[in-house]
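# Tertiary structure, described
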Amino acid sequence: RALNPRFPNQFEGADVWPSDLDIPERDTLRYQPERLRAWLLPPLTGDYTFWVSSDEPSALLLGPDDKPVNALPIAWVPDWSGYRNWNQHASQQSAPVRLEAGRRYYFEALRMQNFGGEHFTVRWQLPDGSVEE
């Protein structure tokens with residue numbers, strides 16, 4: 001689906017992603033895939049909902065444990081969405097996912113960047129109803 005035939009399997013180099021997983025709108029001359037791998041430590045036990053917004057194809061993966069091999073896609077942008085537009089595609093929002101406070105879960109964000117403008121943002125809704133972007 002992406003213009004770069006290496007996406008999402010081949011990555012090169014390293015970059016620092018913002019801790020809040022928000023890359024604001026900007027112009028770029030890059031043409032590359034990016035992957036963020038992390039362990040997610042939920043602060044509360046309960047159901048979480050995740051969203052992703054990006055100007056190129058992207059995906060969020062989450063595992064039922066801390067092992068990358070068990071992670072599955074939970075939300076994705078098939079082509080593009082407006083900056084922080086959470087409802088352009090139904091696939092941008094995950095189904096509720098039950099997580100335990102303090103337990104480690106494997107989390108992965110994949111995104112493709114073609115030439116031109118770029119943005120990428122992740123948000124989640126916690127069991128208490130609060131939303132963090």
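In short, a report on the structure. (Residues numbered from 1 in each chain as written. Predicted model: local features only at pLDDT ≥ 70, side-chain atom pairs only at ≥ 80, totals over all residues. Heavy atoms only, no water.)

### A word on the environment of Leu72
- Structurally, Leu72 is set in strand β5 (residues 72-77).
- C-alpha of Leu72 to C-alpha of Glu108: the two residues are 36 residues apart in sequence and 9.3 Å apart in space.
- Leave out the neighbours within four places in its chain, and Leu72 touches Leu60, Leu61 and Leu62. (Helix = DSSP H or I, 4+ residues; strand = E, 2+ residues; numbered from the N terminus. Contact = heavy atoms within 4.5 Å.)

### Structural notes on the pattern of salt bridges
- Tallying each qualifying case throughout the model produces six salt bridges.
- A salt bridge links Arg98 to Asp47, with the nearest nitrogen and oxygen atoms 3.9 Å apart. Of this pair, Arg98 sits in strand β6 (residues 97-99) while Asp47 sits in strand β3 (residues 46-54), and the two are 51 residues apart along the sequence.
- With a relative accessible area of 41%, Asp47 lands in the partly exposed category.
- Close ionic contact of Asp66 with Arg104 constitutes a salt bridge, the shortest N to O distance being 3.0 Å. With Asp66 in the loop between β4 (58-62) and β5 and Arg104 in the loop between β6 and β7 (105-113), this pair connects stretches of sequence that are 38 residues apart.
- Take Asp66: its relative accessible area is 23%, and that puts it in the partly exposed class.
- The exposure class assigned to Arg104 is partly exposed, which follows from its relative accessible area of 37%.
- Residues joined by salt bridges that share partners form a network here, namely Asp66, Lys67 and Arg104. (Salt bridge = Lys/Arg side-chain N within 4 Å of Asp/Glu carboxyl O. Buried < 20%, exposed > 50% of the residue type's maximum accessible area, 1.4 Å probe, protein only.)

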